Amino acid sequence: MRDARAVSPLGWMRVNLFSTPLNSALTLVILAALAWLVPKAGGWLVWDAVWGPKPASACDAVRGEGACWAVVWNKIRFMLFGVYPFEEQWRAAVAAVVLTALLVVSALRFFWRKRLIAIWVVGIALAFWLMGGGLGLTPVPAERWGGLSVTLILAIFGIGFAFPLGVLLALGRRSRLPVIRAVSVLYIEIVRGVPLITVLFMASIMFALFMPEGLRIEQLLRAQVAIILFIAAYLAEAVRGGLQAVPRGQYEAAEALGLSYWRTMGFIVLPQALKISIPPIVNIFISVFKDTSLVVIIGIYDFAYAVKKSVETDISWKKYFIEAFLFSIVVYWIYCFAMSRYSQWLEREFARGERR
Amino acid sequence: MFRTLAKTLALAAALVAPAVALAGPTVDAIKQRGALRCGVNTGLLGFSAPDSAGRWNGIDADFCRAVATAILGDPNKVQYVPTNAQTRFTALQSGEIDLLSRNTTWTSSRDATLGSVFAGTLFYDGQGFMVKKSSGVTKAADLNGATVCVQPGTTTELNLTDYFRSKKMTFKPVVIAELNQIEQAFFAGRCDVYTTDISGLAATRLKAPKQDDYLILPEAISKEPLGPMIRRGDWELLTIVKWTLFGLLEAEEYGITAANVDKMRAESKDPPVQRLLGTTGDAGKGMGIDNDWLVKIVKAVGNYGEMYSRNIGPLGIQRGVNAQWRDGGLMYAPPIR
Amino acid sequence: MLIKSERARGVLYQALLLIAVGGIVWYLLSNTLHNLASRGIQVGFAFLGREAGFEIAEKLIEYDATRSYAHALAVGLLNTLHVALLGIVIATVLGTLLGVARLSNNWLLARIAGAYVEFMRNIPLLLQLLVWYGMFTELLPGVRQAIKLGDWVFISQRGFRFAWPEAHPGWTAALWALAAGLALSLVWRAIARRRQAATGAQWPMALPLAGFIIGLPVVAWALSGAPTAIETPVLRGFDYQGGKVISPEFAALLLGLSTYTAAFIAEVVRAGILAVHRGQTEAAMALGLSPNQRLRLVTLPQALRVIIPPMTSQYLNLTKNSSLAVAIGYPDLVAIANTTMNQTGQAIEAISMLMAVYLSISIAISVFMNWYNARVRLVER
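Quantities reported herein were computed from a predicted structural model and do not represent experimental measurements.

**Regarding the overall build of chain B**
For step 1, the next point in the chain: From N to C terminus, chain B includes 14 helices and 13 strands.
For step 2, the next point in the chain: The C-alpha radius of gyration computed for chain B amounts to 22 Å, which stays within 12% of the reference 20 Å derived for 337 residues, consistent with globular compactness.
For step 3, the next point in the chain: Principal-axis analysis of the C-alpha atoms gives chain B an extent of 80 × 60 × 40 Å.
For step 4, the next point in the chain: Counting all 337 residues of chain B, 59% fall into the buried class.
For step 5, the next point in the chain: Restricting the contact set of chain B to residue pairs at least 6 apart, pairs at least 24 apart contribute 72%.
For step 6, the next point in the chain: One finds the centroid of the 37 positive side-chain charges in chain B at a distance of 3 Å from the centroid of its 33 negative side-chain charges.

This is the structure:
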């Protein structure tokens, strides 16, 4: 019998680490591996590493024994802002903060009402104005945008604009009208069945052929549209799950009350369905945030590309690209881990009502 | 809910509007935009590479400036769009760039099937191989069984295959699209040989940690005439680009340099020079640009010889076949009259 | 709404949607055709028959530069399937181990597995691939200083090269015999189970299965000459020749894909095992089943019902993610299609073929999943 509430440390170890011979063996192996790995990794990562704004020569001196985190200090502006004009970089920084704040605000339950849509619209417009300029700020063309703000823009604008389309597709898939259902199903299944990279290729190469002669669309806008169309299909499936989970009684009661289809959906069904679908929607957002890194392949300056380019073009820092990549990995991890923790907390919150 | 949705969509449409621009044929579009969008390399020294201040240097970059001067009168009105070997043609096809000045080899299939057309040869080159001196290889025949770094979607890739096949040798390709990445792979030792145009090899060697460790083999296994490319069907632009190139060559032929162009314009009595510089005749107007187009161009980037010595000179490559026809080279410009 | 009848309105909406969708499609199509014509690009798949002209570094079937583009694309497709299948196997094994480890009552093991999952799930796959590839090219020694394990294994920047038996009909015969043995074992198992359901008698399992799976290949091998020659890699010229090699590109892609997907599979497996009601385990214990039997007969079948659907969607994600090979130079389908697109200018045909291929793979996996779901569905009262 396992008593998990053993109070003394020794007792705890006996129960949790050494309960069976197999467990004891495993524990010893793991401890041995850790004992070997931690000093080595710790040395390379932390103690022998070069921190702070030191020159490349300091890093060359400890090459092989210590990581060169100085590359982050030296290249941080390029990594965060790409080729954005130097004097205006504060605008990109503020835009990134605004977008992150948008995420944080959406997470707070207090804002889960109609005003959230207004907040998103304002946030998106503000970010767009800060990055692009006009109306008092010097204009900056979209091909100079780069770095962390582009990653945030691609992900947040992506899910923001994909949301209405996704909801419409989910409703369309459940519609009784055969044509509407067929079109929705076709769209969802085709878009979900292909990798994002082919959608991005299609956007960067074929969109221009789809447009009439002379109409030129920014690379960034093309990638954004591709991401929006891609997310909409996955969102549609998540919302569809929510729609299925709303009890039939709700639909029937609304019908009994004489509400039209759109009133039923708008006032009764969608609020409940969306609440149920929030965990999968958050997961979709986490995947989208990670997948924005793919725009590297079509040459758009997002955060991952800016990090890659920051070390590639400078001969003295070129060999420290692993440290630069690790830095970008840490940044992505912070965002995604925060979001996934939030999603787990959300699921627990929702389950609380159902737990008996 | 619908009112908010409608408002959101309207706002989105308004935000999107500045990103799409309606325009007519390319020259009009360039004039309306006020800048020439020029596709260049991501960083090939001597051809198109940004320096630490963000200024693009190289013979291809200077050619972009020349064309911009011809159309807009100002060499600084160029938007440089870096492209890699795989995105360059689609960037041109899709209208993202107006002119591709990116050490691109002139071949029949590129003229015929890619929806674009070449406007001339800016630089006659050939494909070569670069190896580490420590490998002991001194000629191309020693390369049997080697691992070769090559960029995909290039004539380099095809020529490499043809060459090894014809010599009954085998090789293992390492195919990487990004120039920086492939240089890195070669320097790190992932492959034994790097192959591209000889000028590209020289440019890459300049970036090596120890330049003397590397040897460019003497063989040139193919003809690589590098030149500017534009979209098919754009006759106006084709004429301007073609004659910009010829103008630069003619300027060198008649001894017009950036230093003396103003003096020559004012004082020269030589009929060809007068026609070139717009003192007589209507060469420029015929193409739809100002008559003093060549004066501005030469003042901005110099003549072909000056462009060459400024950009290619540091790579250590002699004029060779790129010399004027009078000096035994291939550069022969039709007369401007 | 002016039209009162709901049916009429339904028809109206559908007609409007058809017109809208049709209109958009027609507009895009006509623009495309016009643009292609003005650029002089021919539409059509005729280019597939032309000579490819480029070499491919890794191929599972015969290919050289004189073959057609279609052949090159086939090589790419096989490469994609190759890395996807291997990736699925490794990810499943690793993911299952991690999932079970996370539920272990060994605190250290559970925490470490948990840390792995939380770390790998939250970083983009592309960055992981670039780090793996960077590590292989930078940290491994050059060919001449390769790490040697005896005379059999050589590890260097050029890849992981190891000795392999020389090609001989004996080995092909053994492989066919193995396939036959596996088929026979499945048949044996099915018959044995039916016999057990009908009569209660248990047929012997271990010995016959071993005989089929091990014995048959050995017999085939012996009968066709018992070949024992092994090809060891030898340093000749630029690189080692002989034996089999795993290139750094393939290794980076495979390891990156597997370790990334394993983190997701671990979560799926963990959710599946947790979904089995505690009462089931307790009842099985009460019935006197051994832990092995408990796992095999009670826990796993019920857990699998919950695990398989999200697991197949992870397999699908892995297959789609293999398209990132284009970033590290592994010649998969997307990379070769990209090269083809650049050499021929036929972008639309190439991209549509790509999407069609991936779509077929997704549909195949969905169909399988639906079949499986229908088969194991809990038939309720």
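Additional details are given in the paragraphs that follow.
**Brief notes about the state of the cysteines**
All names here are of chain B.
For step 1, the next point in the chain: By the definition in use, this model includes three disulfides over all chains.
For step 2, the next point in the chain: Between the sulfur of C38 and that of C64 lies a disulfide, 1.8 Å long from S to S. Disulfide C38 to C64: torsion about the S-S bond roughly -70 degrees, handedness left-handed. With C38 in strand β2 (residues 36-40) and C64 in helix α3 (residues 59-72), the pair connects residues that are 26 residues apart, well separated along the chain. Both residues of the pair, C38 and C64, count as buried.
For step 3, the next point in the chain: Across the disulfide from C149 sits C191; the S-S distance is 1.9 Å. Between C149 and C191 the disulfide shows an S-S torsion of about -100 degrees. By sign, it is left-handed. Of the two residues, C149 is situated in strand β9 (residues 146-150) and C191 in the loop between α7 (179-188) and β11 (193-197); the sequence distance between them amounts to 42 residues.
For step 4, the next point in the chain: For chain B, numbering the cysteines in disulfides from first to last along the sequence yields the connectivity 1-2, 3-4.

**Quick look at the nonpolar core**
For step 1, the next point in the chain: W145, L200 and L243 of chain A together with Y304 of chain B are the most contacted members of the largest nonpolar core, which totals 253 residues.
For step 2, the next point in the chain: A per-element tally of this core places helix α10 (residues 219-245) of chain A first, with 15 residues.
For step 3, the next point in the chain: The residues touching Y304 of chain B, leaving out its near neighbours within four places in the chain, are I59, L122, F123, L248, L249, E252, R319, N322 and M331 of chain B.
For step 4, the next point in the chain: Within the second largest apolar cluster, 17 residues are counted, among which are L143, L160, M169 and V193 of chain B.

**Re the packing of aromatic side chains**
For any pair of aromatic rings, the description consists of the separation of the ring centres together with the inter-plane angle of the planes.
For step 1, the next point in the chain: One pass over the full model with this rule turns up 44 aromatic pairs over all chains.
For step 2, the next point in the chain: Centroid distance F321 of chain A to F325 of chain A: 5.9 Å. Interplanar angle 75 degrees. Geometry classified as edge-to-face. Here F321 of chain A and its partner F325 of chain A are both found in helix α14 (residues 321-354), four residues apart, which amounts to about one turn of the helix. Accessibility classification places F321 of chain A together with F325 of chain A in one group, the buried group.
For step 3, the next point in the chain: Taking 5.9 Å as the distance between ring centres and 45 degrees as the angle between the ring planes, the aromatic pair formed by F186 of chain B and F187 of chain B counts as tilted.

**Here we look at the confidence of the model for chain B**
Low pLDDT means the predicted coordinates in that region are not meant to be read closely.
For step 1, the next point in the chain: In this model, chain B carries an average pLDDT of 86, and 93% of its residues clear a pLDDT of 70 or more.
For step 2, the next point in the chain: Scored below 50 in pLDDT, residues 10-24 of chain B makes 24 contacts in the model with residues more than four places away or belonging to other chains.

**Thoughts on the interface of chain C and chain A**
For step 1, the next point in the chain: Between chain C and chain A, the contact holds 54 residues from the first and 58 residues from the second.
For step 2, the next point in the chain: Carbon and sulfur atoms make up 72% of the surface buried where chain C meets chain A, a total of about 4800 Å² over both sides.
For step 3, the next point in the chain: Sorting the residues of chain C by area buried against chain A places Q14, N122 and L127 of chain C first, and these three jointly supply 12% of that buried surface.
For step 4, the next point in the chain: The interface formed by chain C and chain A holds zero salt bridges in total.
For step 5, the next point in the chain: Contributing elements (two or more residues each) for the side of chain C that touches chain A: α1 (6-39), α3 (107-121), α4 (125-139), α7 (248-275), α10 (333-344) and α11 (347-376) of chain C.
For step 6, the next point in the chain: Per element, the largest residue contribution to the side of chain C that touches chain A is 16 residues, and it comes from α1 of chain C.
For step 7, the next point in the chain: By residue class, the composition of the side of chain C that touches chain A is 33 nonpolar, 15 polar and six charged.

**Comments concerning the environment of T279 of chain B**
Residue and element names in this part refer to chain B.
For step 1, the next point in the chain: Counting through the fold element by element, T279 comes out in the loop between α11 (271-277) and α12 (283-287).
For step 2, the next point in the chain: Note on T279: relative accessible area 41%, which makes it partly exposed.
For step 3, the next point in the chain: Sequence spacing of T279 and S52 is 227 residues, and the spatial spacing of their C-alpha atoms is 40 Å.
For step 4, the next point in the chain: If we skip the residues at most four places from it in the chain, T279 touches R265 and Q274.

**Some points on helix α6 (residues 155-166) of chain B**
Residue and element names in this part refer to chain B.
For step 1, the next point in the chain: In this model α6 runs 16 Å from its N-terminal to its C-terminal C-alpha over 12 residues, within 8% of the 16 Å that 1.5 Å per residue would give.
For step 2, the next point in the chain: Residues of α6 that are buried include every one of T155, T156, E157, N159, L160, T161, Y163 and F164, and no others.
For step 3, the next point in the chain: Once α6 finishes, K168 follows within two positions and takes phi at roughly 55 degrees, a positive value.

**Things to note about the side chain of N311 of chain B**
All names here are of chain B.
For step 1, the next point in the chain: Within the secondary structure, N311 is located in helix α14 (residues 304-311).
For step 2, the next point in the chain: Note on N311: relative accessible area 9%, which makes it buried.
For step 3, the next point in the chain: One polar contact links N311 to D62, side chain to side chain, over a distance of 2.9 Å.
For step 4, the next point in the chain: Beyond its immediate stretch of four places on either side in the chain, N311 contacts G46, N57, G58, I59 and D62.

**Some points on the packing of α3 of chain C against α7 of chain C**
Residue and element names in this part refer to chain C.
For step 1, the next point in the chain: Put simply, α3 and α7 touch, their axes get as near as 9 Å, and they point 120 degrees apart. For the element pair α3 / α7, the angle class is oblique. For the crossing formed where α3 meets α7, the hand is left-handed. For the pair formed by α3 and α7, the contact residues are Y116, V117, M120 and R121 on the first element and T259, Y260, A263, F264, A266 and E267 on the second.
For step 2, the next point in the chain: Class assignment of the residues belonging to the contact of α3 with α7 gives a composition of seven nonpolar, one polar and two charged.

**Regarding the side chain of T204 of chain B**
For step 1, the next point in the chain: Looking at the secondary structure, you find T204 of chain B in helix α8 (residues 198-206).
For step 2, the next point in the chain: Beyond its immediate stretch of four places on either side in the chain, T204 of chain B contacts M130, E183, F187 and Y194 of chain B.

**Focus on the sheet that holds strand β2 (residues 153-156) of chain C**
Whether parallel or antiparallel, the strands of a sheet pair through hydrogen bonds between backbone atoms.
All names here are of chain C.
For step 1, the next point in the chain: Pairing is antiparallel in the open sheet, where four strands are placed in the order β1-β2-β3-β8. Edge positions in the sheet fall to β1 (147-149) and β8 (244-246), since each of these pairs with one other strand and no more. The mean inter-strand angle of the sheet, taken between neighbouring strand axes irrespective of direction, is 15 degrees.
For step 2, the next point in the chain: Taken together, the three bridges between β1 and β2 define a ladder with antiparallel strand orientation. Along β2, the bridge assignment pairs K148 with F154.

**Thoughts on the pattern of salt bridges**
For step 1, the next point in the chain: Within this structure, the stated rule accounts for 26 salt bridges over all chains.
For step 2, the next point in the chain: As a salt-bridge pair, E189 of chain A and R173 of chain A come within 3.3 Å of each other at their nearest N and O atoms. Within this pair, whereas E189 of chain A is found in helix α8 (residues 178-193), its partner R173 of chain A is found in helix α7 (residues 148-173), the two being separated by 16 residues in sequence.
For step 3, the next point in the chain: For E189 of chain A, a relative accessible area of 32% corresponds to the partly exposed category.
For step 4, the next point in the chain: The class for R173 of chain A is buried, based on a relative accessible area of 16%.
For step 5, the next point in the chain: For D262 of chain B, the salt bridge is made with K299 of chain B, and the minimal N-O distance between the two is 3.1 Å. With D262 of chain B in helix α10 (residues 261-267) and K299 of chain B in helix α13 (residues 293-301), this pair connects stretches of sequence that are 37 residues apart.
For step 6, the next point in the chain: Overall, the relative accessible area of 41% leaves D262 of chain B in the partly exposed class.
For step 7, the next point in the chain: For K299 of chain B, a relative accessible area of 44% puts it in the partly exposed group.
For step 8, the next point in the chain: Salt bridges sharing common partners tie together R173, E189, E237 and R240 of chain A.

Calculation criteria
Residues numbered from 1 in each chain as written. Chains lettered and ligands numbered in written order. Predicted model: local features only at pLDDT ≥ 70, side-chain atom pairs only at ≥ 80, totals over all residues. Heavy atoms only, no water. Helix = DSSP H or I, 4+ residues; strand = E, 2+ residues; numbered from the N terminus. Rg over C-alpha atoms; globule rule 2.2 N^0.38 Å. Buried < 20%, exposed > 50% of the residue type's maximum accessible area, 1.4 Å probe, protein only. Contact = heavy atoms within 4.5 Å. Lys, Arg positive; Asp, Glu negative; His and termini not counted. Charge placed at Lys NZ, Arg CZ, Asp CG, Glu CD. Disulfide = S-S within 2.5 Å. Core = buried A, V, L, I, M, F, W, Y, C linked by side-chain atoms within 4.5 Å. Phe/Tyr/Trp six-rings, centres within 6.5 Å; stacked < 30°, edge-to-face > 60°. pLDDT = per-residue confidence, 0-100. Buried area = accessible area lost by both parts, 1.4 Å probe. Salt bridge = Lys/Arg side-chain N within 4 Å of Asp/Glu carboxyl O. Nonpolar A, V, L, I, M, F, W, Y, C, P; charged D, E, K, R; others polar. Expected span 1.5 Å × (residues − 1). Polar contact = N/O pair within 3.5 Å; in protein donor to acceptor, adjacent residues only side chain to side chain. Axes fitted to C-alpha atoms, helices over the stretch in contact; angles between N-to-C directions. Parallel < 35°, antiparallel > 145°, perpendicular 65-115°, else oblique. Left-handed = near helix turned anticlockwise from the far one by under 90°. Pairing = 2+ DSSP bridges.

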